[in-house]
Each structure stands twice: as structure tokens, then as C-alpha cells.
Amino acid sequence: MILHKKIFEKLKKYYHLRILKRKYFRYGKCRMCGGCCENIYIKHKNKTIKTKEEFEKIKQKDNYSFYQHITPISKDEFGLIFACDKFDKEKKLCKEHKKRPSICKNYPSEEIFKMGAQLKDNCGYYFEPIEKFSEVFKKTLKKPIKNFSNPEENKY
Ligand code: SF4
Ligand code: SF4
């Protein structure tokens with residue numbers, strides 16, 4: 001039984017690292033606190049939207065329906081902060097939870113996490129690297145050290 005578990009863990013790791021090209025495992029589950037639906041930052045092409053003008057342009061070009069439901073309410077050093085009109089502030093729930101857009105269904109994704117987004121303090125999810133630091137360190141030590149003074153030696 002323990003052997004099966006170990007094999008399963010190895011396959012899982014291989015699948016996430018090599019096939020899905022992931023770097024982190026996501027653990028936990030949603031506590032339905034509604035924290036991620038309040039004061040939202042939006043990243044477009046890997047950058048936080050900084051100005052209302054920028055957002056208007058993106059909204060006109062991009063037909064993504066989620067953009068029609070969010071409004072900039074303030075701004076800080078990271079960019080514009082949005083409110084979503086589908087959020088029920090009293091119940092702390094999405095009014096269309098079952099029909100919520102994919103960006104919300106997949107939250108928190110590894111992409112968001114890697115872009116530097118921080119999870120809400122009481123979020124039920126957390127991320128951990130698939131490969132521990134010690135494993136990466138071991139692999140690095142096994143790699144041949146390149147001789148930069150003689151490029152010929154590095155040819156295989
Ligand atoms: S659409 Fe629903 S789940 Fe998505 S941010 Fe708005 S309230 Fe939250
Ligand atoms: S902040 Fe985390 S726990 Fe709260 S609703 Fe969003 S995903 Fe769920």
C-alpha cells in the first residue's frame with residue numbers, strides 16, 4: 001500500500017512538472033469567505049491595469065464579459081482596484097456563483113501566484129513548490145560544470 005502511494009506521488013509529480021509544466025502544487029479548499037471578490041486587481045498581458053483609460057481601451061478591444069461587470073473604485077501602487085457587480089457584499093457570495101467566469105472558477109491559479117499576487121489572509125488555499133529546494137539543489141550538483149575558458153570541452 002505504501003509502495004502504491006509512493007508510485008502515485010511520483011507519477012503525480014512527473015505529470016505536473018513535465019506535462020503541465022507546473023512549479024507549484026495548490027492545496028486547500030475555498031472557505032467561501034468572498035475575500036477574492038472584493039478589491040480586485042486585474043492583470044492584462046501580465047501587467048496590472050494602471051489607469052481608467054487603459055481599462056476602457058482593453059474593455060473595448062476585449063469582449064471578455066467579466067470586464068463588463070467590474071468597475072474601478074480606487075488605485076494604489078500596484079494599479080487599479082476593481083469592484084464586481086456580481087458580488088453580494090452582505091452574503092459575501094457571488095450572485096451567479098454557478099455561472100461565474102473561468103478566471104473566478106480557477107482562482108487562485110499558479111499563474112496569478114507566480115505573477116506576485118498575494119492570497120487573501122484567510123484564504124483556504126496555499127501553494128507549495130512541487131520540487132523542494134533540497135531536490136533542486138541535488139540536481140544542480142549532479143550537472144556537469146561547464147568550462148567557459150575552453151568551449152571545446154563542453155561539446156558532447
Ligand atoms: S463574478 Fe462572482 S466570483 Fe467572479 S469576482 Fe465577481 S462576484 Fe466574485
Ligand atoms: S479568498 Fe480564498 S477562501 Fe476566500 S473565497 Fe476566495 S478562494 Fe475562497
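Each remark here, short or long, concerns the structure printed above.
Side note on the overall build of the protein chain
From N to C terminus, the protein chain includes five helices and eight strands. Residue burial in the protein chain is summarised as follows: out of 156 residues, 3% are buried. Put simply, 62% of the contacts in the protein chain that link residues at least 6 apart link residues at least 24 apart.

Structural notes on the pairing of strand β4 (residues 70–75)
Here β4 lies mainly on the outside; zero of its six residues are buried. The pairing of β4 with strand β5 (residues 80–84) spans five bridges and is antiparallel. Within β5, the position partnered with Lys75 by the bridge is Leu80. In this structure, the hairpin formed by β4 and β5 is closed by a connection of four residues, where Gly79 is found at a positive phi of approximately 150°.

A word on the site of ligand 1
In the region of ligand 1, the neighbouring residues are Cys37, Cys84, Lys86, Phe87, Cys94, Arg100, Pro101 and Cys104. A class-by-class count of the residues in the shell around ligand 1 yields six nonpolar, no polar and two charged.

Considerations on unusual backbone geometry
Following Tyr107, the chain continues to Pro108 via a peptide bond in cis, the omega torsion being -10°. In this structure, Met32 takes a positive phi of about 55° despite not being glycine. Along the polypeptide, Met32 turns up in the loop between β1 (24–28) and β2 (43–44). Judged by C-beta crowding, with 12 C-beta atoms within 10 Å, Met32 ranks as exposed.

Some remarks on the site of ligand 2
Residues in contact with ligand 2, as listed here, are Cys30, Arg31, Met32, Cys33, Gly34, Gly35, Cys36, Tyr107, Lys120, Cys123, Gly124 and Tyr125. Counted by class, the shell around ligand 2 contains seven nonpolar, three polar and two charged residues.

Conventions adopted
- Residues numbered from 1 in each chain as written.
- Chains lettered and ligands numbered in written order.
- Predicted model: local features only at pLDDT ≥ 70, side-chain atom pairs only at ≥ 80, totals over all residues.
- Helix = DSSP H or I, 4+ residues; strand = E, 2+ residues; numbered from the N terminus.
- Buried ≥ 20, exposed ≤ 12 C-beta atoms within 10 Å, placed from the backbone.
- Contact = placed C-beta atoms within 7 Å.
- Pairing = 2+ DSSP bridges.
- Near = placed C-beta within 6 Å.
- Nonpolar A, V, L, I, M, F, W, Y, C, P; charged D, E, K, R; others polar.

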